[in-house]
Structure formats: C-alpha cells, structure tokens
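Here are the chains, one letter per residue:
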Amino acid sequence: MTQLTVRREAGIWGRISRLDLLLVLSTLAIGAFGVIMVYSATKVQLMHAGISGYYYFERQAIYFALGVVVMVVLALIDYQRLAHFAYIIYGASILGLLAVLSPVGTSQLGSQRWFQLGPIQVQPSEFAPIGVIFGISAYVANREDPLDLRAVITILLMGGIPMVLVIKQPDLGTGIVIGIITALLLVMAGVPARYLLALVIIGVVGIVAILHVGFLKSYQLHRLLSFLNPKANASSFGYNLAQSKIAIGSGHIFGVGLFKGSQTTLAFVPSQQTDFIFTAIGEQLGFVGCAGLLLGYAILIWRLWSAMRWSKDITGTLIVAGGLAWIGYSVFQNVGMTIGIMPITGIPLPLISYGGSAMLAFLAMVGLALNIGSQRARVRA
C-alpha cells in the first residue's frame, strides 16, 4: 500500500467512503418523508386560516436541510475529539435546562420549554439526551476499575438531574427518554446484576410513589392513565387517543390519499403535525404507508446496532447505544401512544414530527453513529 493511498484512507475522502450508506439513505428517506407529511397534515388547515399552506412545509424543510449539514459535519469529525469535550457538552445541556426554567425561558400553554430567538424557538430538552449520553459515556470510559456502588450512584445522578429538570418544565415524555437512556447505558457499562435488580425494585417503587404523591400535574396523570380505559374518557383526557384511533383506522390498507381525510383536514386530531403525525400517515397512506415507515425505522435501527458493534472503544459503543435507545424508544412510544398500547406522552416521532430542535438533535445523533461506524475499516485492516 502506497503512502498516498494511506493518506487517502485516513483523510476526509477515506472517511466518506466508509460511511454506512444504508444508514445515510434510510435517514434521508425518513426525513424527506417527514417534510411531506408535515405539509399534508397542515396545508388545508393553514389555508382555511388564511395562512400560506407552505408555512410548516418550508420551515420543516429548512430544519431538515440544516440537520443534514449537522449530520455530515459530525460524521466527518473524529468522535474521539468530541469525546474530549464530553463533560462540557453535558454541562452545557444542564445549563440550558436551568436557563429555560428561568425568566429567560418562554412559557406557552403552561409549559416552559423554549428560548424564543426572534421567529425561532429552541428547545433545550431535545438536546439533553445527547448531553447525558456524552457525559455518562465519558465517565464510564475514564474509569479503570469495574463499576462499584459509588459509580452507579454517580451515573444515576448524571441521568437523574437532567431528567428532573426536564420533567419540571413539564416535559414528561423527554424525561422518560432520558431515564431509558440512563438505564441502558448502565447495562451496557457492565453494572453488576445485583445493582440492576435493586434499581428495578427502586424504580417500580418510585413510579408508584410518583403516581400518588402529586409529583405529576393532573393532566399528565390523566393522560398516562387514559389509555387503560380510553372509552371512559373519550370526551376529555382520552379525546386525543379516540380521535387518533379513528384517523388511523379510517386509512384501511392504502389510505384515503395525500391531503385528504376528514380527521386531518378538519383538525380533529390535536397536535397532528407534532406528537400525532403518525395519525396523518395512517389516515392518508393506510397500513401500507405505516408499514413502509416502520420498515425504514427498522433499517435505521439495524444500522445503528451495527455501528455500535463496529465501535473500536467503549466510548463509541456507549454513544451509539444511547442513541439507539433514544431513537428506538421514541419510535415505539410515539407510534404506541397513537394506537393505544402506550400512555400518551409528548415524544416526537424521530425525523418526522414538526420541530427544529428535535430534527437537529436526531440528525446529530445519526451523524455521531456514522462517525463511530466508519472506524470499522481502519480497525479491521
């Protein structure tokens, strides 16, 4: 092998040639499909309100384009360089969550989750999972000894602090996501089984306590429990779920067609371009459209799993594992809540739901996975 060839393989073009093409294509396909579905879910309603039907479409397209740029940049910058700043990234995410709860943050509909920067809203909680993933990954990677009780408590605090801050906004869905990520990273880090068993018991007791001590707001509690008996609450807290099921069921096999369907065009399903975007897909494209999207997610998750297996160090393994838990759980939770098998929590459907912060965060995570997976050829050679 010539010196020129070695330089090429180690350079930018060598990194590009090792990127996982299936992961890139599945991500781009899902994101582009999301832009179309946001447009289809909002066009008619906007026109009826005297607003351009392209309002959400244009903004989502810009978010997607910016997110792709972020994905490419993170795919080509060696993740080990970023890992040197892991604690700074974690600290920045904590500061963002604290700041948004201060007077600097913007409050809407009883929630304080955003910074208003002119026409743009930034939601720090959407980036918090990345901070948690980097922080815990760095802590585990920097330890020379096996994880003991003190290390387990430290990891729990690293995940628990942002989780509490997010739930305080309140954003219960993202808080649960951070908890899921923390739990999986504990398992991947090799925590002894006795500690994991103790954590499961403590977790169950904690959930029961939270449901009874008033930690959650009334509407959050009713939303969580409404899926257990949706018919009894169909006109109140179960309204979203009832309308969601009607929308998805009315699509049958092939759907009623893009830009059609009474549930979508008449806005019977609340928050349809965000948390309930899957209902627009079900009504307009039917079972075939939903199955096609889930197949796309299956490919994306499979390639994330492969990137995790290809990682050359524990840092890379934990970063991709955290991203896999984040994206995989978000898909399952979001789709599950629209069909009634999971409680309703405010989690966006990755790369599909309207929102710039979530789009940028998910694409950033894919970029990191591409980066870590691209190291495989150099390691195996």
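Calculation rules
- Residues numbered from 1 in each chain as written.
- Predicted model: local features only at pLDDT ≥ 70, side-chain atom pairs only at ≥ 80, totals over all residues.
- Heavy atoms only, no water.
- UniProt positions renumbered as here; feature names shortened; annotations may be inferred.
- Helix = DSSP H or I, 4+ residues; strand = E, 2+ residues; numbered from the N terminus.
- Buried < 20%, exposed > 50% of the residue type's maximum accessible area, 1.4 Å probe, protein only.
- Contact = heavy atoms within 4.5 Å.
- Areas by Shrake-Rupley, 256 points an atom, 1.4 Å probe, with all protein chains shown as cover.
- pLDDT = per-residue confidence, 0-100.
- Phe/Tyr/Trp six-rings, centres within 6.5 Å; stacked < 30°, edge-to-face > 60°.
- Lys NZ or Arg CZ within 6 Å of the ring centre and 35° of its normal.
- Salt bridge = Lys/Arg side-chain N within 4 Å of Asp/Glu carboxyl O.
- Expected span 1.5 Å × (residues − 1).
- Core = buried A, V, L, I, M, F, W, Y, C linked by side-chain atoms within 4.5 Å.
- Pairing = 2+ DSSP bridges.
- Axes fitted to C-alpha atoms, helices over the stretch in contact; angles between N-to-C directions.
- Parallel < 35°, antiparallel > 145°, perpendicular 65-115°, else oblique.
- Left-handed = near helix turned anticlockwise from the far one by under 90°.
- Nonpolar A, V, L, I, M, F, W, Y, C, P; charged D, E, K, R; others polar.

As annotated in an unreviewed UniProt entry, the protein carries the name peptidoglycan glycosyltransferase and comes from Ferrimicrobium acidiphilum DSM 19497. Heading Subcellular location (unreviewed entry) of the UniProt record for the protein holds this comment: "Membrane".

Trainee: Would you take a moment to explain the overall build of the protein for this structure?
Mentor: Counting its secondary structure elements, the protein contains 17 helices and three strands. Looking at the 381 residues of the protein, the share that counts as buried comes to 49%. Nonlocal contacts in the protein, meaning residues at least 24 apart in sequence, comprise 72% of its contacts between residues at least 6 apart. Approximately 17700 Å² of the protein is accessible, and the part contributed by carbon and sulfur atoms is 70%.

Trainee: Hey, could you run me through the confidence of the model for the protein in this one?
Mentor: Interpretation of this model should avoid reading the predicted coordinates in detail wherever pLDDT is low. Overall, the prediction assigns the protein a mean pLDDT of 87, with 87% of residues at 70 or greater. Low confidence marks residues 1–9, where pLDDT is under 50. Its contacts with residues over four positions away, or in another chain, come to seven contacts. A low-confidence stretch, residues 377–381 stays under pLDDT 50, and its non-local contacts, those more than four residues away or across chains, total seven contacts.

Trainee: Any chance you could explain unusual backbone geometry here in plain terms?
Mentor: Negative phi is the rule for most residues except glycine; trans is the rule for most peptide bonds. Cis rather than trans, the peptide bond between Gln169 and Pro170 has omega equal to -5 degrees. Within the secondary structure layout, Pro170 lies in the loop between helix H8 (149–167) and helix H9 (172–188). The backbone of His252 sits at a positive phi, close to 50 degrees, despite the residue not being glycine. On the secondary structure map, His252 appears in the loop between helix H12 (239–250) and helix H13 (262–265).

Trainee: What is the right way to read the packing of aromatic side chains from this model?
Mentor: The description of an aromatic ring pair uses the distance of the two centres, along with the angle that the planes make with each other. Across all of its chains, the model carries eight aromatic pairs by this definition. For the ring pair Tyr54 and Phe57, a centre distance of 6.1 Å and an interplane angle of 70 degrees mean the geometry is edge-to-face. Grouping aromatic residues by their ring pairs yields a cluster made of Tyr39, Tyr54, Phe57 and Phe259. The ring of Phe259 carries Lys43 above its face, with NZ or CZ at 4.9 Å from the centroid.

Trainee: Help me out: how do you make sense of the pattern of salt bridges in this one?
Mentor: Two side chains of opposite charge can pair, provided their charged atoms sit close to one another. The final tally for this structure, using the stated rule, is two salt bridges. Asp20 is the partner of Arg303 in a salt bridge, and the nearest nitrogen-oxygen pair spans 2.8 Å. In this pair, Arg303 is assigned in helix H14 (residues 277–310) and Asp20 in the loop between helix H2 (12–17) and helix H3 (21–48), connecting sequence segments 283 residues apart. Judged by its relative accessible area of 9%, Arg303 falls in the buried class. Put simply, Asp148 and Arg143 hold a salt bridge, and the shortest N to O gap is 3.9 Å. The exposure class assigned to Asp148 is partly exposed, which follows from its relative accessible area of 36%.

Trainee: What should I look at first to understand the environment of Leu101 in this one?
Mentor: Considering the arrangement of structural elements, one finds Leu101 in the loop between helix H6 (86–100) and strand E1 (106–108). Spatially, the C-alpha atom of Leu101 lies 6.3 Å from that of Gln112, the residues being 11 residues apart in sequence. Other than its neighbours up to four places away in sequence, Leu101 contacts Gln112, Leu165, Lys168 and Gln169.

Trainee: Explanation requested: H12 in the structure shown.
Mentor: Helical geometry note: an α-helix holds 3.6 residues per turn, so side chains three or four residues apart project in the same direction. If you check H12, its first and last C-alpha atoms are 17 Å apart, about what 12 residues at 1.5 Å a residue would give, namely 16 Å. Of the residues one or two after H12, His252 is the one with positive phi, at around 50 degrees.

Trainee: Just to check I follow, could you spell out the nonpolar core for this structure?
Mentor: Generally speaking, soluble globular proteins have nonpolar side chains that are buried together. Counting 83 residues, the largest nonpolar core has Phe278, Leu293, Trp326, Leu349 and Ile352 as the members making the most contacts within it. Take this core: its biggest share by element is 12 residues, from helix H16 (residues 356–373). In this structure, Leu349 is in contact with Ile277, Phe278, Leu293, Tyr297, Val331, Asn334 and Val335, ignoring residues within four places of it in sequence.

Trainee: Can you walk me through the side chain of Gln273 in this structure?
Mentor: Within the secondary structure, Gln273 is located in the loop between H13 and H14. Once residues lying within four places of it in the same chain are set aside, the contact partners of Gln273 are Val38, Thr42, Tyr56, Ser353 and Tyr354.

Trainee: When you look at the sheet that holds strand E3 (residues 120–122) in this model, what are you seeing that I'm missing?
Mentor: Strands pair in a sheet through their backbones, by hydrogen bonds, and they do so in one of two ways: parallel or antiparallel. Taking strand neighbours across the sheet as the criterion, the three strands line up as E1-E2-E3 in an open arrangement whose pairing is antiparallel. In the strand order of this sheet, the two ends are held by E1 and E3, each with one partner. Pairwise comparison of adjacent strand axes, ignoring direction, gives a mean angle of 50 degrees for this sheet. Where strand E2 (residues 111–117) lies against E3, three bridges are found, and the strand directions are antiparallel. Bridged to Leu117 within E3 is Ile120.

Trainee: Help me understand the packing of H3 against H14, please; the structure alone is not making it clear to me.
Mentor: Angle between the axes and distance between the axes: these two values describe a pair of packed helices. Direction vectors running N to C along H3 and H14 enclose 160 degrees, while the axes themselves pass 9 Å from each other. On the basis of the axis angle, H3 is roughly antiparallel to H14. When you trace H3 past H14, the crossing you get is left-handed. Considering only residue class, the contact of H3 with H14 consists of 17 nonpolar, five polar and one charged.

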